[in-house]
Amino acid sequence: MPAPIRLRELIRTIRTARTQAEEREMIQKEFIVEFGTNAIHSLSEYNHFYMQMVVRLFVFLTLMVSVVAVSLKKKNILGLGLGLDEFNVTLVGGECKVDLNHSTQYVQGLALCTLGCMGSSEMCRDLAGEVEKLLKTSNSYLRKKAALCAVHVIRKVPELMEMFLPATKNLLSEKNHGEILHTSVVLLTEMCERSPDMLSHFRKLVPQLVRILKNLIMSGYSPEHDVSGISDPFLQVRILRLLRILGKGDDDSSEAMNDILAQVATNTETSKNVGNAILYETVLTIMDIKSESGLRVLAINILGRFLLNNDKNIRYVALTSLLKTVQTDHNAVQRHRSTIVDCLKDLDVSIKRRAMELSFALVNGNNIRGMMKELLYFLDSCDPDFKADCASGIFLAAEKYAPSKRWHIDTIMRVLTTAGSYVRDDSVPNLIQLITNSVEMHAYTVQRLYKALLDDISQQPLVQVASWCIGEYGDLLVSGQCEEEEPIQVDTLEDEVLDVLEGLLVSNLSTPVTRGYSLTAIMKLSTRFSSMNRIKKVVSIYGSSIDVELQQRAVEYNALFKKYDHMRPALLERMPIMEKTATNGPAEIVQTNGETDSTILDTKHLPSITQPARQCNYHICFCFAGIPPMTAYNKNGLKIEFTFERANPNPNIAVITIHATNSTEADMTEFVFQAAVPKTFQLQLLSPSSNVVPALNQGSVTQVIRVLNPQKQQLRMRVKLTYTHKGSPVQDLAEVNNFPPQSWQ
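Procedures and definitions
- Residues numbered from 1 in each chain as written.
- Predicted model: local features only at pLDDT ≥ 70, side-chain atom pairs only at ≥ 80, totals over all residues.
- Heavy atoms only, no water.
- UniProt positions renumbered as here; feature names shortened; annotations may be inferred.
- pLDDT = per-residue confidence, 0-100.
- Contact = heavy atoms within 4.5 Å.
- Buried < 20%, exposed > 50% of the residue type's maximum accessible area, 1.4 Å probe, protein only.
- Helix = DSSP H or I, 4+ residues; strand = E, 2+ residues; numbered from the N terminus.
- Arc of directions from axis to C-beta.
- Salt bridge = Lys/Arg side-chain N within 4 Å of Asp/Glu carboxyl O.
- Patch = residues over 30% accessible without salt bridge, like charges linked within 9 Å, V, L, I, M, F, W, Y side chains within 5 Å.
- Areas by Shrake-Rupley, 256 points an atom, 1.4 Å probe, with all protein chains shown as cover.
- Pairing = 2+ DSSP bridges.
- Axes fitted to C-alpha atoms, helices over the stretch in contact; angles between N-to-C directions.
- Core = buried A, V, L, I, M, F, W, Y, C linked by side-chain atoms within 4.5 Å.
- Domains from an automatic or database assignment.

Going by what an unreviewed UniProt entry lists, the protein is known as AP-1 complex subunit gamma and is assigned to Sinocyclocheilus rhinocerous. In its Sequence similarities (unreviewed entry) section, UniProt records this for the protein: "Belongs to the adaptor complexes large subunit family."

Written out as structure tokens, the structure reads:
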């Protein structure tokens, strides 16, 4: 009989097999050679073979686990984890129970590792008693592994948590923090995160945790646990994380840990990443508990120093943390505004995006001019991926904090000139509304827009606004009333203006919407210019356009000239001042089929809802008495409920209020709710009450939707939810088709 070959050589030989049949032949041949001479080692080799072939022989693997040699037991347990899933591992639960009661600590440790890494809920339920016994043993080696195994048991079967409560009393009294303390803190953290009762019970351990942390930062050099000159940084991070959980929402616990957090923040070395990791956990703890104002300022200053670090990851986490705290500690974050703005020039796209979001959060009435200057420069030089979000942020900030109407108009025009193709669809009606309401700026605005139109017609939103303004205020353009802009020669301006508008109608750069704006502008100029015959000719030409929308407009305008010429001056007079129906956000824009349209719902018949957050309780009571509410979305802890009411006196409009709640333990930030309906409906979204959904159902975000349903069809809606949870962006789509009949009939 030939001699058996070594395992490494055998694996190399098997990998050279070209077919599955050839591979099986090699395995069978070697197994026959080895089985009679070295049965135990053949089992280890056979384990590798069947891992390669993904063949699950339960009896065979159970036999491997039952071998006596500890070294082979380690290999076979590794094969068990690779070859079987959690369900099939249950078949070796009996062998694990035997090993947990073994006389050798290393065999017991292997059994604890097996259960802690891949034990199913059934195994955890059956073997929890053995784990609890080993957690009370005097052997520190076994207690460390039993604590980690208990963490897995609690995750699989949370109701067994109380079983381990008596054994946790003496865990923090261990002197050897490398063996027991670290795993004990991990176990306590898991129990506190999963049970409010355990959280209240363990709050009395805060002074003891503070003493342990103080001993760590005040202790001298310890070669066993020292990392870059810091004593056991892993344990420090774990303790800080547990203190953050224990101190959140509790005045007494927060007061007890204020001093030690200040010591850690001031005494930790920042030249190495180890120190930065401890400082970051310290900052998170300070921000989550009810800490003193001076301590919060110290934490923000630490994040400000992180922004100067050469490591990109440290700068990113600093920007993310500052973005979370800017609402509560706005003035402290403002001190680092220049450093944050400098991050806009960073080459890393993630850092640039966080810096952009934080810069917008820092804008207020005092720094609006300086911040807009920096952000406009960033808009001009940033990548296309950033332009849409940056332009939207500038629009919102300018609307909220504009020092004057002229500055507001200049800023919006600068955005349209720089990144007009990237702005949101609602920017055009919003700017038109702004211009209409700024009566004293009409002449200045139309002069500026006309000059911008002569320079560039590629930015479609800018072209649309300019066309609308020329149609409305063309008489001011030719009169030269604007003293701040150099007037153009009146005798040639009318023809030049019409040439520009006709050029837009035939330009390949113009979209159908832009052509509609241009044709309407030419029609309006029939009451402002003297070139009546030319305007009639242009309008009649487009009465046979292949664009149905443009053709319909031209036919209607021709009818005005021929049949209703006496009504034309009144119909084409200047638009009156547009009133906003919402006072807590941007102008309300109608959305049709998910896309913004320039058509405004008949706001005369829509109820004015200016503060949905304050009217929430009354609104819910009213809806319960009429149309029953419904749950539109319930996933990953986020729940969206719809409540309904009818708009009086227009019964075709349904007013829907969304109520977004969050049952998870962390806030959902940057929350955005979007909706789309079929083309037979018209949908209007009002501003939300907030963009943060509080954790643990401690509050809700409300937003009002108005749906115009003139044909009384069954209501269908597609919603898109976007938010950030625990630092990770989340996006989801859902269909809502189960609206109660009372909401649309």
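Moving on from the coordinates now.
(A) Quick peek at the confidence of the model for the protein. Across the protein, pLDDT averages 79, with 80% of residues at or above 70. The low-confidence segment residues 488-492, where pLDDT is below 50, has five contacts with residues more than four positions distant or belonging to other chains. Contacts for the low-pLDDT stretch residues 581-625, under 50 throughout, to residues beyond four places or in other chains number 100 contacts.

(B) Fine view of helix α30 (residues 532-541). Every buried residue of α30 is accounted for by I535, V538 and V539. All buried residues of α30 fall inside an arc of 95° around its axis, so they share one side. Along α30, exposed side chains directed more than 90 degrees from the buried face belong to N533 and K537.

(C) A look at the pattern of salt bridges. Under the criterion given, the structure shown has 25 salt bridges. Across the pair R534 and D499 runs a salt bridge whose closest N-O atoms are separated by 2.2 Å. Taken together, the residues R534 in helix α30 and D499 in helix α28 (residues 490-506) connect sequence positions 35 residues apart. We classify D499 as partly exposed; its relative accessible area is 44%.

(D) Spatial organisation of a nonpolar patch on the surface. Taken together, the side chains of Y564, M567 and L571 define a hydrophobic patch exposed on the protein surface, amounting to about 280 Å² of accessible area. Note on placement: Y564 falls in the loop between α31 (548-562) and α32 (568-571).

(E) The arrangement of the environment of F395 in detail. Tracing the backbone through its elements, the reader meets F395 in helix α23 (residues 384-401). Sequence-wise, F395 and I412 are 17 residues apart; in three dimensions their C-alpha atoms are separated by 6.7 Å. For F395, the residues in contact, after removing those within four places along its chain, are I412, V415, L416, V423 and S427.

(F) Broad picture of the sheet that holds strand β12 (residues 728-736). Strands sit in the order β8-β11-β12 across an open sheet of three strands; the sheet is antiparallel. At either end of the open sheet lies a strand with only one pairing partner, and these are β8 (668-676) and β12. Between one strand axis and the next, the sheet turns by 15° as a mean value, whatever way the strands run. As judged from the seven bridges shared by β8 and strand β11 (residues 717-725), these two strands associate in the antiparallel manner.

(G) Spotlight on the nonpolar core. Ranked by size, the top nonpolar core spans 164 residues in total, and within it I239, L358, M372, I394 and V497 carry the most contacts. Per-element tally for this core: the top contributor is helix α27 (residues 460-479), with 11 residues. Both domain 2 (76-174) and domain 3 (439-572) contribute no fewer than three residues apiece to this core. Judged by nonpolar contacts, the second largest core, of 32 residues, contains M630, F673, A675 and W744.

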